[in-house]
Amino acid sequence: MEMELDVQITKKDLYDYQLHHAYTSPSGLFGTIVGCLFVVGFINTGTPLYLVIGAFIILYFPWTLHIKAAAQAQSPVFRKPLHYRLSEEGLEISTEEEKQPVSWESITKASSTGKTIMLYTSRTNAFLFPKRVLGERSGEFVQLVSRYVAPDKMKIKTA
């Protein structure tokens, strides 16, 4: 089984990935909990400073991720579509200038959000496959990936 895709990564795709990555990490969850505790402190005491601090903590992280995604989307890597070829050997990522092979053994985790399927090659690096691009081939894509990625590394929600 083989599949080829052309994927144009947008600012929204990068933001979706960054939100997912940030809020599934301990630091992202910790920051949100601290922000919520300040809001609860405001509710209990009526001290406006608690509300300001809580709102700042809760909103700061997504805002900075949005700015980071916008900057990253301007990178030459994301200006043109990436061509992916998935086969028994792994993934092959092509641009006009180069081809990069990635073995299935290099995939450390396969995860998803409501908008994107991500194949991680490290704790912070992933190949993004927006579901808007996969369309009706989304199920076929997940089936292909699950053939080569160990079940304990598969964290893809199908819905």
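Look up: the structure comes first, before these words.
Residues numbered from 1 in each chain as written. Predicted model: local features only at pLDDT ≥ 70, side-chain atom pairs only at ≥ 80, totals over all residues. Heavy atoms only, no water.

### A closer look at the layout of surface pockets
Note the cut-off: Grid points spaced at 1 Å and placed over the protein atoms alone form the basis of the search, with a cavity being a set where a 1.4 Å probe fits but cannot get out and a pocket an open set showing protein on both sides within 12 Å along at least five of seven lines. Lining residues have an atom within 4 Å of a point. Grid points are joined across faces, edges and corners, and a volume is the space filled by probe spheres set on the points. The helix count covers DSSP runs of H or I at least four residues long, the strand count covers runs of E at least two residues long, and both are numbered beginning at the N terminus. Classification convention: Asp, Glu, Lys, Arg as charged; Ala, Val, Leu, Ile, Met, Phe, Trp, Tyr, Cys, Pro as nonpolar; all other residues, Gly among them, as polar.
Volume-wise, the largest pocket comes out at about 870 Å³. In this structure, the largest pocket is lined by 33 residues; those nearest its centre are L14, Q72, V77, F78 and A126. The set of elements that each furnish at least two residues to the lining of the largest pocket consists of α1 (11–23), α3 (48–73), α4 (76–79), β2 (82–87), β3 (90–94) and β7 (126–130). Here the lining of the largest pocket takes five residues from α1, the largest share from any one element. Each residue belonging to the lining of the largest pocket can be placed in one class, and the counts come to 15 nonpolar, eleven polar and seven charged.

### What to know about the side chain of S111
Rules: Classification of residues uses two cut-offs on accessible area relative to the type maximum, computed with a 1.4 Å probe and protein chains only: under 20% is buried, over 50% is exposed, and between them is partly exposed. Residues adjacent in sequence count toward polar contacts only when both atoms are side-chain atoms; beyond that, a polar contact is any pair of N or O atoms within 3.5 Å, and within protein one must be able to donate a hydrogen and the other to accept it.
Tracing the backbone through its elements, the reader meets S111 in strand β5 (residues 109–112). What makes S111 buried here is its relative accessible area of 4%. At a separation of 3.1 Å, a polar atom in the side chain of S111 contacts the side chain of H20.

### Quick notes on the nonpolar core
Under the convention used in this document: Definition of nonpolar core: a set of buried residues of the types Ala, Val, Leu, Ile, Met, Phe, Trp, Tyr and Cys, connected through side-chain atoms within 4.5 Å. Throughout, a contact is declared for two residues whenever any of their heavy atoms are within 4.5 Å.
Judged by nonpolar contacts, the single largest core of 33 residues is most densely connected at Y84, L86, L91, L119, F129, F141 and V145. Those residues in contact with F141, other than ones at most four positions away along the chain, are M3, L5, L86, I117, L119, F129 and L134.

### So, the side chain of S94
Along the chain, the position of S94 falls in strand β3. For S94, the contacting residues outside a window of four places in its chain are L82, H83 and K99.

### A look at helix α2 (residues 26–45)
Spelled out, the test is: To estimate how far a helix should reach, multiply one less than its number of residues by 1.5 Å. Each C-beta atom gives one direction from the helix axis, and the arc is the one those directions make.
Here α2 is 20 residues long and its end C-alpha atoms lie 28 Å apart, about the 28 Å a rise of 1.5 Å per residue gives. Residues G28, G35 and G41 constitute the buried set of α2. Buried residues in α2, looked at end-on, bunch into an arc of 145°, giving them a common side. Opposite the buried face of α2, by more than 90 degrees, sit the exposed residues P26, F30, L37, I43, N44 and T45. Those residues of α2 that are buried are in contact with α1 and α3. Phi for G46, located one or two positions after α2, is positive at around 75°.

Nothing here speaks to function; it is geometry throughout.
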